[in-house]
Structure formats: structure tokens, C-alpha cells
Amino acid sequence: MALIVQKYGGTSVGTTERIKNVARRVAKWKAQGHDVVVVVSAMSGETNRLIALAKDIQDYPDPRELDVIVSTGEQVTIGLLAMALKEIGVPAKSYCGWQVKVVTDQAHTKARIQSIDEAVMRGDLKDGRVVIVAGFQGVDEEGNITTLGRGGSDTSAVALAAALKADECQIYTDVDGVYTTDPRVVPEARRLKTVTFEEMIEMASLGSKVLQIRSVEFAGKYKVRLRVLSSFEDEGEGTLITFEEDESMEKAVVAGIAFDRNEARINVKGVPDKPGIAYQILGPIADANIEVDMIIQNVGENGTTDFSFTVPRGEFQRTLTILREVQTHIGAAKIDADDKVAKISIVGVGMRSHCGIASTMFRTLAEEGINIQMISTSEIKVSVLVDEKYLELAVRVLHKVFGLDQAA
């Protein structure tokens, strides 16, 4: 008998029929003798509907009150799932995040979990009940409802698994695991049986939407055994997120290819080449809570240099507005910008011990006539920025050249 934490996302509980399907799946695990804790998201589209209601009242909704509103989506789902389980004879009890209780900091709409009181859940499990907990939400020390940000139900599930010292945390979604790349772009993409936490963190941060990055970081920190499975298929082992040291066999050099269309490139030209200039450019952008990704500063010549970076496409115009004021202040010659770019990344822990991976990537893109605008590297990844129109071609040729279409 094992203690299993299962998480079901919005599409998995998108209708009452799908909620009944989740109940049947949970019942099977319970019938095998396992203790089961279930974390659920709001029904598909519900959070967007609630945010839209809030924006009908306030253009920029008050963060505390927005958390009060959007947290109701999960409350509906937990009640429905508990009813569905009881209907088929499985004892169950539902809890909101503040009832469990999941204590967070006070950062409304993007709170971080600080502690979990698992006593109530353990009592229910001991009495033979399935415990159902609302994902994505918690409560601060003053009793205010908080939410963890988009995709936060993944983090809720991993945090509960860590608190309960669960044997496995299973993330059920609309795909049956982690793939070498998006199968919608490359039909030959393969499901990976295992992927390391390091690789999964890189892939999540670089555009893979299978898992929220915070949930993977949490699982790695607390050594939570994490598995991605499909909520629409009864069979299959999904993808197990593992610790590299647990692997006896040598890892593939490249595990997968991630990509992100949500990129915009900005190049500040003719910047005075002097200490502190990077801060003068990026400081005001950070103050506006705009996330900067790839950064390149060229070697200075004739007292000036060029400074390039990328931001999320949705922050493109706001960033340009900020930079026009900065441009006057620092005396930059020109701002060149493009919001029709995409980032492509190859990821793999095997890259640590193999040379020539980056050059293979660059040669392959060059042979297809694809120009690289920016490059960023880490120990286990290489990312390039290219014109968005070449994205799918680039992903397909790189997937093939690194042999990701071949069975492991």
C-alpha cells in the first residue's frame, strides 16, 4: 500500500462527465489499497471567466479581492468530485486550501507556500477517506485567501506530497507524459520514460507547458517522486521525473527540444561603454516587474556598445515606453526592436560530457538558411533566438539531427 497524491488539471475536470471519470480512476487506486489525496484545478475556462468578471468591475483588479474571486473555481470542483466519489461508494471529503491549511506569504496572485498542516488529511486517510484539496490556493498568516499563480495546482500537489511524505505525486494532464518536443510540431516526437529534474526545470522554463516550473523546483528540493500521466487513458506509465544520480545508464546527450513563441527582442544601440550602464537600462524594467530573459552586451568600440535582451511579447510595448525615457537619460543612439522572434532550446544533462553539441545545432540551422539572432547557454542547454517564421522548421530539423525521433 502506498500514499499517492494525484493532481487533475482543468481539462481533466472540464465537465461533470470528466469529473465522474476522475472519480472512477481514483476509486481504482483506492480499491488497490492505496491512500489517495487528490488535488484539482478549476474546471477548464472557469478561472478566465472569473478574471473577466473582475475586470468588468476594475481594469486592474485589487489583488486581494481577485484572489477571493478566482479561488472559488477550485471550490466548485472539489465539491463535485467528492460527490462523484460518494456516489460510487467511495468515502471522500473536500477541503479548500485554507482549511487544510496551506499557509503562504502575502504576495496575492503569486503567493509562495510556507507550510502545510497535514494533521487533518492524515486523520481522514486513517479513517479510509479519499482527501480532495483545492489546488492553486492557500491562506496567509492574517487569514486572507491567497493564490499561487497560473499553474499553481501543480505546486499545491507537490507541496502536499512533500508534507505527507507521499510515495509518488502523479500529475494527470491532457498529455500522456513529457515528449522530446511538441508532437503538434513534430509528429515523430517520442514520449520520454524518464527525464531528470534538471532537464525538466530547463524545459519548463524554456517553453514546455507540461509542468509549472515552480512545481518541478519544489519536487527537486524535497525529493518528491513525480510522474506525468494522461487523465484520458487508463493505461500507460507516463514520464517519471528522476534524480540524475538514480540513473545507472548513461543519459542521452539531448533529452528534448523546447521552444517559446512568447519572445520579443530589443537592441539598444550606441550605448556609452561604461560601468553601470547595464543597470541603468535593466533597472527601470525590473522595477516595472518585467522579466528579462536572454541578455547580450557586445564588446565596446569607440566608447560605445550595443545592449540586447528579450522580454515576454506581452510586455513588448510597455518595455519600449520605459526604454524611450532611458534612451534620453543615458544618451543611447537608437532602439531597434522585433516582436516576431522565437526561442528554441536543446536540453540534456548528457551535454555536460559531450563537446560539439552547440556547433551541431548552429551548423544545422545554417544549412537551412536560418539566422541566429542571439545565443544563450548553460551547462545543460543551448538556446537560440530566430525569426518566428522559421520556428517549426528549426525544431523539426534539430529533432532529427539529434536522433530524438529514434527509439531509446
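In this text the structure is predicted, and so the values were computed from the model without any measurement.

Analysis parameters
- Residues numbered from 1 in each chain as written.
- Predicted model: local features only at pLDDT ≥ 70, side-chain atom pairs only at ≥ 80, totals over all residues.
- Heavy atoms only, no water.
- Domains from an automatic or database assignment.
- Helix = DSSP H or I, 4+ residues; strand = E, 2+ residues; numbered from the N terminus.
- Buried < 20%, exposed > 50% of the residue type's maximum accessible area, 1.4 Å probe, protein only.
- Polar contact = N/O pair within 3.5 Å; in protein donor to acceptor, adjacent residues only side chain to side chain.
- Contact = heavy atoms within 4.5 Å.
- Pairing = 2+ DSSP bridges.
- Axes fitted to C-alpha atoms, helices over the stretch in contact; angles between N-to-C directions.
- UniProt positions renumbered as here; feature names shortened; annotations may be inferred.
- Arc of directions from axis to C-beta.

## Digging into the domain arrangement of the chain
- Taken domain by domain, the chain consists of domain 1 (3–173) and domain 2 (256–402).
- Each of domain 1 and domain 2 has a C-alpha centre, and these two points are 37 Å apart.

## So, the side chain of Glu 263
- Here Glu 263 is to be found in strand 13 (residues 256–272).
- Owing to a relative accessible area of 3%, Glu 263 belongs among the buried residues under this scheme.
- There is a polar contact of 3.2 Å between the side chain of Glu 263 and the side chain of Thr 310.
- Excluding residues that lie within four positions of it along the chain, Glu 263 makes contacts with Asp 293, Thr 310, Val 311, Arg 313, Asp 339, Val 341, Ala 342, Lys 343 and Leu 385.

## Re the sheet that holds strand 15 (residues 304–311)
- Read from one edge to the other, the open sheet built from 6 strands follows the order 14-15-13-16-18-17, with strand pairing classed as antiparallel. If you trace the sheet from one side to the other, it starts and ends with strand 14 (295–297) and strand 17 (374–378), each paired once. Between one strand axis and the next, the sheet turns by 25° as a mean value, whatever way the strands run.
- As paired elements, strand 16 (residues 334–347) and strand 18 (residues 381–387) share 7 bridges and run antiparallel to each other.

## Focus: the UniProt feature "binding site: ATP" (unreviewed entry) in the chain
- With numbering aligned to this structure, UniProt lists the feature "binding site: ATP" (unreviewed entry) at Lys 7, Tyr 8, Gly 9, Gly 10, Thr 173, Asp 174, Tyr 179, Arg 184, Lys 209 and Val 210.
- Inspection of the secondary structure puts Thr 173 in strand 9 (residues 168–173).
- Within the secondary structure, Arg 184 is located in the loop between strand 9 and strand 10 (194–196).

## A short note on helix 6 (residues 119–126)
- All buried positions along helix 6 are accounted for by Met 121, Asp 124 and Leu 125. Looking straight down helix 6, one finds that the buried residues subtend no more than 100° of arc, so they occupy a single side. With respect to the buried face of helix 6, the exposed residues turned more than 90 degrees away are Ala 119 and Lys 126.

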